[in-house]
Amino acid sequence: MNALLLLTRIAAVTLTTFLLMGMLGVGESATAPYTKPTLIAHRGASAYAPEHTLPAYQLALDQGADFVEPDLQITKDGVLVCLHDLTLERTTNVAKVFPDRAKMVRGKMTWPVSDFTLEEIRTLDAGSWKEEKYKGTKVATFQEMIDLVKGKAGIIPETKSPETYGKLRLKMEPLVMEILKKNKLDEPGADPKTPVIIQSFSAESLKILKNEQKCKLPLVFLFGGPRAKEMGTPEGLAKLKEFADGIAPHKDNVLAQPEIVTEAHKLGMSVTVWTCRAKDPGKFENVREEMNHLLRNLKVDAIFTDNPDQFPR
Ligand code: G3P
Ligand code: CA
């Protein structure tokens, strides 16, 4: 009778431990270069602070981001700055400060980043558009972003529209590698507290990094839309593996085609998805539920989110 009681207790304790481990995510692994289900702060904590500014990056750190994401653009004088768009008007007051410098593109007034020097861009307010309390926040350089994040989280820069800059004789890939080298972040494991992964929608950019720049850092290929179906097949993934260590499909592609995760893992490729947002949790009750499903049921390795504080640990 005592032995039966003891066995029952052992079974109960074991079951509870497993349940707790599952709830806490203990023991969950991920495909390299990730070591655990990984939180990437998309444009910083961009749901709460102006995207790609130092306050957004600082808030991402405060909210426990494993990686912080800067999208990269290039100024007229060849400096890497953290901006999502090729142009300045959505996230700064450039239209007010430089009304005469607009270009007309497809019937729309636009202010390309590459038309402005860093000194000019530094005169702009990159915070007010989000919230008055951020008035006066400047556009951040990639170097400033590194200075803030290094030693506290990983960095996952995206080469944005590198072909556009290439036509202007501004080559993005050497600039990225140069700045990473200067900060001693250009080799895997160089700073264990600051792993670096480079991402791009441009296959060509990743090929340049790998083959010309001899970049040894993990490279991740971003994609989405209808092309994902073909790319997610074993044959499609094998082609991507020639120049990328991991894939980053849009979340809808993974939700519609979950086998893409297992197929990528079979090839040793990590899977990062973009972008989970509290304002758009799709069919889920909230963004935490959405991220939980992607991580725990579909086994993706990492998630870009605008809401780092909602990441299910
Ligand atoms: O880089 C991942 C995700 O950020 C891709 O979308 O347009 O926000 O850069 P986007
Ligand atoms: Ca991005």
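Residues numbered from 1 in each chain as written. Chains lettered and ligands numbered in written order. Predicted model: local features only at pLDDT ≥ 70, side-chain atom pairs only at ≥ 80, totals over all residues. Heavy atoms only, no water.

## Remarks on the packing of aromatic side chains
Each aromatic ring pair is summarised here by two numbers: the centre-to-centre distance and the angle between the ring planes.
Phase 1: Overall, the coordinates contain five aromatic pairs when judged by the stated rule.
Phase 2: Consider the rings of F221 and F223, whose centres lie 5.8 Å apart with planes at 35°: the pair is tilted.
Phase 3: Residue class for F223 comes out buried when judged on its relative accessible area of 0%.
Phase 4: Relative to F243, the ring of F221 has its centre 5.5 Å away and its plane inclined at 80°; by these criteria the two rings are edge-to-face. In this pair, F221 is assigned in strand β10 (residues 219-223) and F243 in the loop between α10 (234-240) and β11 (246-249), connecting sequence segments 22 residues apart. Note on accessibility: F221 and F243 belong to one class, buried.
Phase 5: A connected cluster of aromatic rings, assembled from ring pairs, spans F221, F223 and F243.
Phase 6: Taking the ring centre of W129 as reference, the NZ or CZ of R90 above it sits at 6.0 Å. (Phe/Tyr/Trp six-rings, centres within 6.5 Å; stacked < 30°, edge-to-face > 60°. Buried < 20%, exposed > 50% of the residue type's maximum accessible area, 1.4 Å probe, protein only. Helix = DSSP H or I, 4+ residues; strand = E, 2+ residues; numbered from the N terminus. Lys NZ or Arg CZ within 6 Å of the ring centre and 35° of its normal.)

## Description of the site of ligand 1
Phase 1: Neighbouring ligand 1 are the residues H42, R43, E69, D71, H84, E158, K160, Q199, F201, L222, W274 and F304.
Phase 2: A distance of 2.7 Å separates an oxygen atom of ligand 1 from a polar atom in the side chain of K160.
Phase 3: One of the side-chain nitrogen or oxygen atoms of Q199 is found 2.6 Å away from an oxygen atom of ligand 1.
Phase 4: In the complex, 92% of the free accessible area of ligand 1, which totals 280 Å², lies under the protein chains.
Phase 5: Grouping the amino acids of the shell around ligand 1 by side-chain chemistry returns four nonpolar, three polar and five charged. (Near = heavy atom within 4 Å. Polar contact = N/O pair within 3.5 Å; in protein donor to acceptor, adjacent residues only side chain to side chain. Areas by Shrake-Rupley, 256 points an atom, 1.4 Å probe, with all protein chains shown as cover. Nonpolar A, V, L, I, M, F, W, Y, C, P; charged D, E, K, R; others polar.)

## As for helix α5 (residues 142-149)
Phase 1: Within α5, six of the eight residues are buried, which leaves the element mostly enclosed by the surrounding structure.
Phase 2: Buried within α5 are the following residues: F142, Q143, M145, I146, L148 and V149.
Phase 3: Downstream of α5 by one or two residues, G151 has phi in the positive range, about 90°.

## Looking at a positive patch on the surface
Phase 1: The grouping of K210, K214, K216 and K241 at the surface amounts to a positive patch.
Phase 2: With respect to the helices and strands, the residue K210 is situated in helix α8 (residues 203-212). (Patch = residues over 30% accessible without salt bridge, like charges linked within 9 Å, V, L, I, M, F, W, Y side chains within 5 Å. Salt bridge = Lys/Arg side-chain N within 4 Å of Asp/Glu carboxyl O. Lys, Arg positive; Asp, Glu negative; His and termini not counted. Charge placed at Lys NZ, Arg CZ, Asp CG, Glu CD.)

## Things to note about the coordination of the calcium ion (ligand 2)
Phase 1: All of the protein donors around the calcium ion (ligand 2) are E69 (OE), D71 (OD) and E158 (OE); their distances to the metal are 2.1 to 2.3 Å.
Phase 2: If you look at the calcium ion (ligand 2), its six donor atoms make angles of 60 to 161° with each other, and the shape they trace is irregular.
Phase 3: The sequence pattern describing where the donors of the calcium ion (ligand 2) fall on their chain is E-x1-D-x86-E.
Phase 4: You can call E69 buried: its relative accessible area is 2%.
Phase 5: Classification of D71 as buried rests on a relative accessible area of 0%. (Donors = N, O, S within 2.8 Å, 3.2 Å for Na, K, Ca; no water. Tetrahedral: all angles 85-135°; square planar, octahedral: opposite > 155°, others 65-115°.)

## Things to note about the side chain of R43
Phase 1: For R43, the position within the fold is in the loop between β1 (38-41) and α2 (54-62).
Phase 2: Engagement of the side chain of R43 in a polar contact is seen with the side chain of H84, the distance being 3.1 Å.

## Here we look at unusual backbone geometry
Phase 1: Cis geometry marks the peptide bond from A32 to P33, where omega comes out at 10°.
Phase 2: With respect to the element layout, P33 can be found in the loop between α1 (2-24) and β1.
Phase 3: We note that H52 has phi near 60°; this positive angle belongs to a residue other than glycine.
Phase 4: Inspection of the secondary structure assignment puts H52 in the loop between β1 and α2.
Phase 5: When its relative accessible area of 1% is taken as the criterion, H52 is described as buried.
Phase 6: Within the chain, R169 stands out as a residue other than glycine whose phi angle is a positive 60°.
Phase 7: Summarising the element assignment, R169 is placed in the loop between α6 (162-167) and α7 (172-182).
Phase 8: Classification of R169 by relative accessible area gives exposed; the value is 78%.

## Some thoughts on the environment of H84
Phase 1: Here H84 lies in the loop between β4 (80-82) and α3 (94-97).
Phase 2: H84 sits 229 residues away from R313 along the chain, and the two C-alpha atoms are 28 Å apart.
Phase 3: Sequence-distant contacts of H84, that is, excluding residues within four places in its chain, are made with R43, E51, H52, D71, Q73, R90 and K160. (Contact = heavy atoms within 4.5 Å.)

## Considerations on the confidence of the model for the chain
Phase 1: When pLDDT is averaged along the chain, the result is 94, and 91% of the positions lie at 70 or above.
Phase 2: Note that residues 13-26 has pLDDT below 50 and, in this model, three contacts with residues that lie over four places away or in other chains. (pLDDT = per-residue confidence, 0-100.)

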